[in-house]
Amino acid sequence: MFEGIYVHVPFCGRKCPYCDFFSVVSSPLGAGEYLGLLVRELRLYADRYRFKPKTVYFGGGTPSLLKPEFYEKLLSEFAKLVDLSRVEEITIEVNPESYSLKDFKKLREVGFNRLSIGVQSFSDRNLRLLGRTHSAERAKRAVLEAAEAGFENLSVDLIWGLPDQGPDDLERELEVLDRLPVVHASAYLLTVYEETPLFRLREEGKFRPPDQEEVEKLYFTLLRGLRELGFERYEVSNFAKEKRYRSLHNLLYWRSRPWLGLGASAWSFDGRRRWANPRDLRLYAERLRRNEPPAAQVFDLSEEELFKEKLLMALRTTEGVPRSWIEGRLPPEVVKEFFVPAKGGKNLAFNDRGFLVSNYLLSELI
Ligand code: SF4
């Protein structure tokens, strides 16, 4: 059964203009109430299924808006319901401005062994463009303090593809990264989602992301730069210095393993069905107060749908998929140009160029 637990913490200090995650700036629920609901939700599943998760992941939102003591209490309540003795990885997403050395030390004490720090950029100009409240200096300090507190498995999030960002700018950011004790990086191309303020700005011509040619230049600069620093790509946007630093939790998603998502807007997958909690705190709370599973949508996947999902998720990784899933579905010259053998030749995975045009290739495949 569930091999990982994801907990969504839907609170933010302010809303970033590019973000389409579910989070609220002023919440109808206090942190204590939310904690109670998360425990209640876990109890619903713990009563029905026996499972021993290997990973626990706190994402958001801004989980670091809440103090480490919140997670100490939450994890001790979880431990009363589920056997956590097999957990190998406990991650929390942290915004650079939230925690100081003392908090990082407390997180270690509570049992966290992996941090994902929302650096986004080491350039103040880019941080302003992204509407972030921290500075590049603060981001560096957060990484250093986390390391000082004893975190070895440190990941940073980076966003690239900003207006007027050239390969030189990106190289300068990677130079900063090189001087920090970071072993994992998630580097995302800025995506302009509908219904975000950034989308409206782009429509009004006030925000001009790079065109395809510029994106391609930045992409290859990023790949080359990260590889020079010793990072190896293992997923479309994820890079680790060694295999042991790959995100075990995220690998569950990409390998289509079952996980349980708790909290407003969280998704779950039991190997057959997917379900999503409401993107609404009041609704989430109401259902749980009646002791009902809060899921707003449930998708029973057919064999065909399961196969497609598996294919889509696995092709995000450099583990790829069995050859037969690709060969025969795409012309041989396309396979030759955009794929490489993986897993000792049993599988095929995208090459660098394949990842760049993966959206197009995936739509051809399914
Ligand atoms: S802090 Fe993160 S979750 Fe919150 S609005 Fe910004 S990007 Fe979104």
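Residues numbered from 1 in each chain as written. Predicted model: local features only at pLDDT ≥ 70, side-chain atom pairs only at ≥ 80, totals over all residues. Heavy atoms only, no water.

Asker: What should I look at first to understand the sheet that holds strand β13 (residues 321-322) in this one?
Answerer: Pairing between the strands of a sheet is mediated by backbone hydrogen bonds and can be parallel or antiparallel. In space, the 3 strands of this open sheet follow the order β13-β15-β14, with antiparallel pairing throughout. Sheet topology places β13 and β14 (339-342) at the edges, where each strand pairs with a single neighbour. Inspection of the sheet shows β14 paired to strand β15 (residues 347-350) by 4 bridges, in the antiparallel sense. Residue Ala342 lies in a different strand from β15, and its bridge partner there is Asn347. (Pairing = 2+ DSSP bridges. Helix = DSSP H or I, 4+ residues; strand = E, 2+ residues; numbered from the N terminus.)

Asker: Just to check I follow, could you spell out the domain arrangement of the protein chain for this structure?
Answerer: In many analyses, interface size is given as the accessible surface area lost on bringing the parts together. Examined at the domain level, the protein chain breaks down into domain 1 (4-253) and domain 2 (318-366). Relative placement of domain 1 and domain 2: their C-alpha centres are 29 Å apart. Listed as interface residues are 8 residues of domain 1 and, on the opposing side, 5 residues of domain 2. Summed over both partners, the interface of domain 1 with domain 2 comes to about 780 Å²; 53% of that surface belongs to carbon and sulfur atoms. Ranking the residues of domain 1 by area buried against domain 2 places Tyr219, Phe220 and Arg233 at the top, with a combined share of 43%. At the boundary of domain 1 with domain 2, the tally comes to 3 salt bridges. Across the salt bridge formed by Asp352 and Arg227, the nearest N and O atoms sit 2.8 Å from each other. Linking domain 1 to domain 2 there are 4 residue pairs in polar contact (both at pLDDT 80 or more). (Domains from an automatic or database assignment. Contact = heavy atoms within 4.5 Å. Buried area = accessible area lost by both parts, 1.4 Å probe. Salt bridge = Lys/Arg side-chain N within 4 Å of Asp/Glu carboxyl O. Polar contact = N/O pair within 3.5 Å; in protein donor to acceptor, adjacent residues only side chain to side chain.)

Asker: What is the right way to look at helix α8 (residues 212-228) in this model?
Answerer: Helical geometry: 3.6 residues make up each α-helical turn, so side chains three or four residues apart lie on a common side. Between its terminal C-alpha atoms α8 stretches 24 Å, which fits the 24 Å expected from 17 residues at 1.5 Å a residue. Looking at α8, one finds that the buried residues are Val215, Leu218, Tyr219, Thr221, Leu222, Leu223, Gly225 and Leu226. Where α8 is buried, its residues touch β5 (153-160), α6 (167-178), β6 (184-189), β7 (232-235), β8 (238-240) and α13 (352-356). A positive backbone phi angle near 95 degrees is found at Gly230, which sits one or two residues after α8. (Expected span 1.5 Å × (residues − 1). Buried < 20%, exposed > 50% of the residue type's maximum accessible area, 1.4 Å probe, protein only.)

Asker: Would you mind showing me how to read the nonpolar core here?
Answerer: Across soluble globular proteins, nonpolar side chains show a tendency to be buried alongside one another. By size, the foremost hydrophobic cluster in this structure holds 91 residues, and its most contacted members are Phe58, Phe112, Leu115 and Leu177. At 9 residues, helix α1 (residues 31-48) tops the list of elements feeding residues into this core. Residues from two domains meet in this core; each of domain 1 (4-253) and domain 2 (318-366) gives at least three. The residues touching Phe58, leaving out its near neighbours within four places in the chain, are Val7, Pro63, Tyr71, Leu74, Leu75, Ile90, Thr91, Ile92, Glu93 and Phe112. In this structure, Tyr6, Val183, Leu251 and Tyr253 belong to the second largest nonpolar core, which totals 15 residues. (Core = buried A, V, L, I, M, F, W, Y, C linked by side-chain atoms within 4.5 Å.)

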